[in-house]
Amino acid sequence: MNDNQAPSVTNLPARAGRGPVRKLLILLLAFFGLFSSAVVAIGQWPEKPDIPPAGLTNGAPGSGGLRRQFPDPKLRPDNPTTEERVALGRLLFFDPVLSGDNTQSCATCHHPDMGFSDGRHFSMGKGGQGLGPERKGGEVIKRGAPTIWNSAYNFRQFWDGRAADLEEQAKFPITSEVEMNQNPEELVKELKAIPAYVNLFDEAFDGSNGSAVTVDNAVKALAAFERTLLSYNSPFDRYAAGDNHALTPQQKHGLTLFRSLKTRCFECHGFPTFANPDFKVIGVPPMPPSLFNIELPKDMTDLGRAEIEGGEPYKHAFKVPTLRNIALTAPYMHNGRFQTLNEVVDFYASGGGANNGMKLPNLDDKIRRFKLTRQERDDLVAFLLALTDESKKPALPESVPSGLPVVGPMKPQPASTLPMPVIASAETAARTPRREPTTWRIRAGQSIQAALDQSVVGDTFEIYPGTYHETLLVDYDNITIRGVTENGQLPVLDGRNALTDAVITSSHNFTIENLIIKDYVNNGITVHGGVNATFRKLTVSNTGLYGVYPVECSGVLVEDCTLTAIKDAAIYVGQSRDIIVRNNECHNNVAGIEIENCVNSVVENNFLHDNTAGMLVFLLPNNPSKVGSDHKVRNNRILNNNHANFGDPTAIVGKLIPGTGLLIMAADRTEVTANEIRGNDSFGIAVVGLAVAFPKGRTFDVGAIPEQNHIHGNTLADNGRNPGGLVKEIGAQNADLFWDGSGWNNVFDQPGAKTFPTVLPGKSWPDVARRAYTRVFGWIRDKML
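Summarised in this report is the structure supplied together with it.

1. Examining the sheet that holds strand β24 (residues 613-618)
Point 1. Strand order in this open sheet of eleven strands is β8-β11-β13-β15-β18-β21-β24-β27-β30-β33-β35, and the pairing throughout is parallel. Here the strands that pair on one side only, and so sit at the sheet edges, are β8 (472-474) and β35 (755-756).
Point 2. Where strand β21 (residues 591-596) meets β24, five bridges bridge the pair, whose relative direction is parallel. In the strand pairing of β24, E596 is matched with F618.

Here it is, written out as structure tokens:
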């Protein structure tokens, strides 16, 4: 489960003052007829819209393997990126004329030699003298300057996202009293007094006699220039394009760690931008006054995104920055708290802010402790250094039209004790041999990865019986890994409770089948951002958090697999679309199947038994996908899911209560039919919104209400006999069906089922009656909760 830490709907803490809700609801139903004259009026009460943003926001399929298509840059219709505007923007970027006292330019805080940052913990604005860490005597800003590399792809600008695009961003520092402190009218006067600028503005914006010299056009030109500052030809990019020699063995191992469920780096820093449109709470500690002997801002209070919008959930949330050219932008984090990448990795490995003195109830759920050896840390840092590409770095101009001095060259601070990688030319990709696809046969004693390292698009790898102690990294498309049965024996991938992940890939058309996979520490099989991922006839046990883990994929098929002893979800499909999960058996896991923030799934003919929870269909906040809808759950057997919870007690999954059959949370248009659901001690099927599982007042970036779900034609029996958590607290005994009153247009057609509340809205109810019932039931529920 991926989300900021929230209590499960089945394990909310007890609340004072909860009364006999069931009796009140029965009383409500007895008097329901009294509302008939007011039904229409009640049905017209205003409702909060539940219309989440559509589509996946990350992991757009590219040309395959590690290659991903960059998102379209944010462009204003009235600001095309022309040569004239770029040339003007470049001069303005380096010209101190933009500042009130004509002493600092954009390049003062965004220097090309410093990764378009400034090398400072806290940037320095008005009144400062000098560059970088040596700059003294000016106004200290409460954050460090973020890089401008690839800022064209940023979802929003600034650490707190207060600017929607580069044009809006540029105007902030120019006019800020503590940064460049320029008066817009004075700036126009100064620019019009410089003939070269008058001509450049008129040429770029079709003006005459200086009519185009405006502040708006100045920031448009700056934005046009900044959109050319692109980095996409690093050693990693050449490796992704097929040059197997572009990364060193150490960097390749670091890439494996980066993509593993051990570190989970890739889940927030996804390919190809190595950034994320969301704002995350990771708990960077504040800067101690004496740590680096530096000048500090007058006001150290910094609530991040919450200062702009979002309230409590976004306190201390900041933009997820790109990792491209991170070797050039030390120190790190919004406040420069960490001097080197080694320190950054150690911070994450320690569990983030929660283990560094920060008390953060909204800490991102992915921020958890993990163990790295010193060598693993060095390998991960080595990979981060391989994201360096300055091939598009502009030269410092010798002069600018104002005649004011231009910033001089600088040297970036060291990001690590490791040497920077050699940046070879893009032509090295030609060294990779080309051949037709073939079938490889790997036998006991041989290395599967050694064969994969020689693969081309379309290869098949047949693995013969034996035990293989490896983590497999697959970086080409159309790859099939198939176990071969001999004398009733299958090949075994065995992590020996030491290796992190069994298989990691971002490939399109990837198939893995007919294998036994066991005893990995963090995860079984990850497919990230692939198209058409197939998992077939796998026996997976004790592989950490997940058994199979396709995320941000389009086209997922999981069939005929058996999974057990998984600490989160045996089959997890997240932020994906067009999914089939069928004919699988999941038992003795925390959760059997989880479909999270996905669109268009069919989950059928699965046998889910003796888990803590049988099946979860969720839409959760703070994930790349903001939608979860159009699911068909049919012909499954969900039986006796009463296993003790052995998940991480600090994570969401650790809060699931035994006895959860099928839980639909905030997902829309889920049809649940023809399933056999028996013997689940807390409930058979529950349909709930996010409000019951999160603190009161929480805001969400997804639709929080389950809508248009249809529960009908299932066989339900012996559920809810020994409920736990919230279900127990509100007296919902023996509940085959549980509904929290969220979503007036959910429909329950289960004659004879035991339900909570005692009457659920059915298909025959008119809309106005369902709206009225939902309103009144919700009012009483809220009073009781």
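Having put the structure on the table, let's press on.
2. Looking at the environment of L662
Point 1. On the secondary structure map, L662 appears in strand β27 (residues 660-665).
Point 2. Through-space distance from the C-alpha of L662 to that of N680 is 9.2 Å; in sequence the pair is 18 residues apart.

3. Side note on the side chain of T273
Point 1. Note on placement: T273 falls in the loop between α10 (249-258) and β3 (276-280).
Point 2. Apart from residues no more than four positions distant in its own chain, T273 is found in contact with F70, P71, Y153, T322, L323 and R324.

4. Structural notes on the nonpolar core
Point 1. Counting 77 residues, the largest nonpolar core has F236, F258 and F738 as the members making the most contacts within it.
Point 2. Of all the elements, helix α12 (residues 374-385) adds the most residues to this core, at five residues.
Point 3. Apart from residues lying up to four places away in sequence, F738 is in contact with F683, I685, A686, V687, V688, V727, I730, A732 and F756.
Point 4. Counting 65 residues, the second largest nonpolar core, distinct from the first, contains A570, C586, I595 and I677.

5. What about the side chain of H334?
Point 1. Along the polypeptide, H334 turns up in the loop between β4 (318-320) and α11 (341-349).
Point 2. Look past the residues within four positions of H334 in its chain and what remains in contact with it is H121, R143, G144, W159, V284, D302 and F318.

6. Details of helix α5 (residues 166-175)
Point 1. Burial in α5 covers these residues: L166, E167, Q169, A170, P173 and I174. Along α5, the residues classed as buried sweep out an arc of 160 degrees about the axis, all on the same side.
Point 2. If you follow the buried residues of α5, they end up packed against α6 (184-192) and α8 (215-226).
Point 3. Between the side-chain oxygen at the start of α5 and the backbone nitrogen of E167 there is a gap of 3.3 Å, and the oxygen is on D165.

7. A word on the pattern of salt bridges
Point 1. All chains considered together, the criterion is met by 39 salt bridges.
Point 2. Here R162 and D160 are joined by a salt bridge, their closest N and O atoms 3.1 Å apart.
Point 3. Its relative accessible area of 23% is what places R162 among the partly exposed residues.
Point 4. For D160, a relative accessible area of 3% gives the class buried.
Point 5. Residue D364 is joined to K280 by a salt bridge in which the shortest nitrogen-to-oxygen separation is 3.5 Å. Of the two residues, D364 sits in the loop between α11 and α12 while K280 sits in strand β3, which places them 84 residues apart along the sequence. K280 matches D364 in its accessibility class, with the two residues each being buried.
Point 6. The network of salt bridges with shared partners includes R441, E462, R482, E513, R536, E559 and R582.

8. Digging into the environment of L619
Point 1. Tracing the backbone through its elements, the reader meets L619 in the loop between β24 and β25 (629-634).
Point 2. With 71 residues separating them along the chain, L619 and L690 place their C-alpha atoms 8.4 Å apart.
Point 3. The contacts of L619, once residues within four sequence positions are left out, are N597, K626, V627, G628, M665, A666, A667, L690, V702 and G703.

9. Considering the packing of aromatic side chains
Point 1. Tallied over the entire structure, the rule returns 29 aromatic pairs.
Point 2. A ring pair is formed by F93 and F116, whose centres lie 6.0 Å apart and whose planes are at 65 degrees; its orientation type is edge-to-face. One end of the pair, F93, is in helix α3 (residues 83-94); the other, F116, is in the loop between α4 (106-109) and α5, with 23 residues separating them in the sequence.
Point 3. Their ring planes at 85 degrees and their centres at 5.3 Å tell us that F116 and W149 sit as a pair that is edge-to-face. One end of the pair, F116, is in the loop between α4 and α5; the other, W149, is in the loop between α4 and α5, and 33 residues separate them in sequence. In this structure, F116 and W149 share a single accessibility class: buried.
Point 4. The rings of F93, F94, F116, W149 and F225 are connected pair by pair, giving a single aromatic cluster.
Point 5. Over the ring of F172 we find R162, and its NZ or CZ is 5.0 Å from the ring centre.

Scoring rules and cut-offs
Within any chain, residue numbers begin from 1 and follow the written order of that chain's sequence. For this predicted model, a pLDDT threshold of at least 70 governs which residues receive local features, and a threshold of 80 or more governs which side-chain atom pairs are given and counted, while totals over whole chains, interfaces and linings are taken from all residues. Calculated side-chain values reflect all of the structure's heavy atoms, with hydrogen atoms and water omitted. Two strands pair under a simple rule: DSSP has to find at least two bridges between them. A run of DSSP states H or I qualifies as a helix once it reaches four residues; a run of E qualifies as a strand once it reaches two. Both are numbered from the N-terminal end. Residues count as neighbours in contact if any of their non-hydrogen atoms are within 4.5 Å of one another. For the purposes of this section, nonpolar cores are sets of buried Ala, Val, Leu, Ile, Met, Phe, Trp, Tyr and Cys residues that join through side-chain atoms within 4.5 Å. Whether a residue is buried, partly exposed or exposed follows from its accessible area with a 1.4 Å probe, protein chains only, as a fraction of its type maximum: under 20%, in between, or over 50%, in that order. Regarding the arc, it is the one traced by the directions from the helix axis to the C-beta atoms. Here a polar contact is recorded for every N or O atom pair within 3.5 Å, except that within protein the pair must consist of a potential hydrogen donor and a potential acceptor, and residues adjacent in sequence are included only if both atoms are side-chain atoms. Basic side-chain nitrogens of Lys or Arg form a salt bridge, by our definition, when they fall within 4 Å of a carboxyl oxygen of Asp or Glu. Planes of paired rings set the category: under 30 degrees apart is stacked, over 60 is edge-to-face and the rest tilted, where pairs are Phe, Tyr or Trp rings (Trp by its six-membered ring) whose centres lie within 6.5 Å. Cation placement over rings: the criterion is NZ of Lys or CZ of Arg within 6 Å of the ring centroid and within 35° of the ring normal.

Interpretation note: all reported values are geometric properties and have no functional meaning in isolation.
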